[in-house]
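Residues per chain, in single letters:
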Amino acid sequence: DALTAAAKKRLEAIQMMEDLGSGFFLAMQDLEIRGAGEVLGDSQSGDIQEVGFSLYTDLLNQAVKALKQGKTWDLEAPLEVATEINLHAPALLPVDYCGDIQERLVLYKRLANCEVEEDLDALREELIDRFGLLPEPAQVLLECHRLRLTGHPLGIRKVDANADHIVIQFARSTPLEPQDIILLMHAKPHYRLAGPDRLKVLLKGATPMERAAQVRGVLRELAATRQKSQALKP
């Protein structure tokens, strides 16, 4: 009864992480409990206690990146919204492919941190080297993230690709202008508007990988149309 809430959390962390090599994860858990202080301040404990170590470092990285680019970090929307990709198929690392749940969580985190396709290709090679050829759910997982990397610069909020069509939803901050979409619709009759911020593309894809390839083609056409429109401006 004399134990404090923080002490109980520390004991629970020690009980959960008693395997060989768990020291790093135990240290991370300790940082979550007691806080690591303000990295850019003189206080011993700061907001990290409220948001957690991982999220705190993500926020800090984004703030530093914005400052280096000469931009003002948006305090009202500190986290960038990731592009949502739905290929209507399982996208994960199956248990029979990578059985260790702790290892899978580490891989998911590393996948989320891939910011360029080269990082994604390197992770794919590592997975094949360690666990063997990728099963379809793992292939879909990597393809979904590859599409996120392609769609993010275009300001695409969501991509939904089923067996009959693809629906692309644009964010408010998209660099694509209405004339870009209209220009593409004139050139491609199977491109249609599905709402003020949605584009519908009539393409049939039987398998998840076929749908991924079709989405990639649509994103490339959007990027090419944007570049063409920019080149025509005086």
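So, a few notes on the structure that sits alongside this text.

**Considering a nonpolar patch on the surface**
Phase 1 of the analysis: There is a patch of nonpolar side chains on the surface, built from Leu-3, Leu-11 and Ile-14 and spanning about 270 Å² of accessible area.
Phase 2 of the analysis: Along the polypeptide, Leu-11 turns up in helix H1 (residues 5-16).
Phase 3 of the analysis: Residue class for Leu-11 comes out partly exposed when judged on its relative accessible area of 44%.

**Quick notes on the sheet that holds strand S3 (residues 166-170)**
Phase 1 of the analysis: Reading across from one edge, S1-S2-S3-S5-S4 is the order of the 5 strands in this open sheet, with mixed pairing throughout. A single partner strand is all that each edge strand has here, and the edge strands are strand S1 (84-86) and strand S4 (191-195). When the angles between neighbouring strand axes are averaged without regard to direction, this sheet yields 20°.
Phase 2 of the analysis: Relative to strand S2 (residues 156-161), S1 is paired through 3 bridges, and the arrangement is parallel.

**Concerning the pattern of salt bridges**
Phase 1 of the analysis: Under the defined criterion, the tally for this structure stands at 12 salt bridges.
Phase 2 of the analysis: Across the pair Asp-180 and Arg-226 runs a salt bridge whose closest N-O atoms are separated by 3.4 Å. Highlighted residues: Asp-180 in helix H8 (residues 178-187) and Arg-226 in helix H9 (residues 208-232), separated in sequence by 46 residues. Taken as a pair, Asp-180 and Arg-226 share a single burial class, namely buried.
Phase 3 of the analysis: Salt bridges here are not isolated pairs; linked through shared partners, they connect Glu-117, Asp-121, Glu-143, Arg-146 and Arg-216.

**Considerations on the nonpolar core**
A general tendency of soluble globular proteins is for nonpolar side chains to be buried together.
Phase 1 of the analysis: Ranked by internal contacts, the top residues of the largest apolar core, which has 23 residues, are Leu-87, Ile-168 and Leu-222.
Phase 2 of the analysis: At the level of elements, helix H7 (136-151), S2, S3, H8, strand S5 (198-201) and H9 are the ones that each hand at least two residues to this core.
Phase 3 of the analysis: For this core, the element with the highest residue contribution is H9, accounting for 5 residues.
Phase 4 of the analysis: Apart from residues no more than four positions distant in its own chain, Ile-168 is found in contact with Ile-156, Lys-158, Val-159, Asp-197, Arg-198, Leu-199, Val-218, Leu-219 and Leu-222.

**Focus on the pairing of S4**
Phase 1 of the analysis: In this structure, S4 lies alongside S5, joined through 4 bridges in antiparallel fashion. If you follow Leu-193 over to S5, its bridge partner there is Leu-199.
Phase 2 of the analysis: Following S4, the chain reverses through 2 residues before pairing antiparallel with S5.

**Regarding empty space enclosed by the protein**
Phase 1 of the analysis: Per the stated rule, a full pass over the model turns up 1 cavity of 30 Å³ or more.
Phase 2 of the analysis: What the largest cavity holds in volume is close to 40 Å³.
Phase 3 of the analysis: Taken together, Leu-93, Leu-107, Tyr-108, Leu-111, Leu-123, Leu-127, Leu-141 and Leu-142 make up the lining of the largest cavity.
Phase 4 of the analysis: At the level of secondary structure, the elements contributing two or more residues to the lining of the largest cavity comprise helix H5 (101-112), helix H6 (117-131) and H7.

**Here we look at the packing of H5 against H7**
Phase 1 of the analysis: With their axes 11 Å apart at the nearest point, H5 and H7 run at an angle of 25° to one another. Relative to H7, H5 is oriented roughly parallel. Between H5 and H7, the contacting residues are Tyr-108, Leu-111 and Ala-112 on the first element and Leu-141, Leu-142 and His-145 on the second.
Phase 2 of the analysis: For the contact of H5 with H7, the class distribution of residues is 5 nonpolar, 1 polar and no charged.

**Here's the deal with the side chain of Thr-225**
Phase 1 of the analysis: With respect to the secondary-structure elements, Thr-225 resides in helix H9.
Phase 2 of the analysis: Overall, Thr-225 belongs to the buried group, its relative accessible area being 10%.
Phase 3 of the analysis: If we ignore the near neighbours within four places in the chain, the residues touching Thr-225 are Asp-180, Leu-183 and Leu-184.

Definitions and cut-offs
- Residues numbered from 1 in each chain as written.
- Predicted model: local features only at pLDDT ≥ 70, side-chain atom pairs only at ≥ 80, totals over all residues.
- Heavy atoms only, no water.
- Patch = residues over 30% accessible without salt bridge, like charges linked within 9 Å, V, L, I, M, F, W, Y side chains within 5 Å.
- Areas by Shrake-Rupley, 256 points an atom, 1.4 Å probe, with all protein chains shown as cover.
- Salt bridge = Lys/Arg side-chain N within 4 Å of Asp/Glu carboxyl O.
- Helix = DSSP H or I, 4+ residues; strand = E, 2+ residues; numbered from the N terminus.
- Buried < 20%, exposed > 50% of the residue type's maximum accessible area, 1.4 Å probe, protein only.
- Pairing = 2+ DSSP bridges.
- Axes fitted to C-alpha atoms, helices over the stretch in contact; angles between N-to-C directions.
- Core = buried A, V, L, I, M, F, W, Y, C linked by side-chain atoms within 4.5 Å.
- Contact = heavy atoms within 4.5 Å.
- 1 Å grid on protein atoms, 1.4 Å probe; cavity = no way out; pocket = protein on both sides within 12 Å on 5 of 7 lines; lining within 4 Å.
- Points joined across faces, edges and corners; volume = space filled by probe spheres on them.
- Parallel < 35°, antiparallel > 145°, perpendicular 65-115°, else oblique.
- Nonpolar A, V, L, I, M, F, W, Y, C, P; charged D, E, K, R; others polar.

That is the geometry; function is a separate question.
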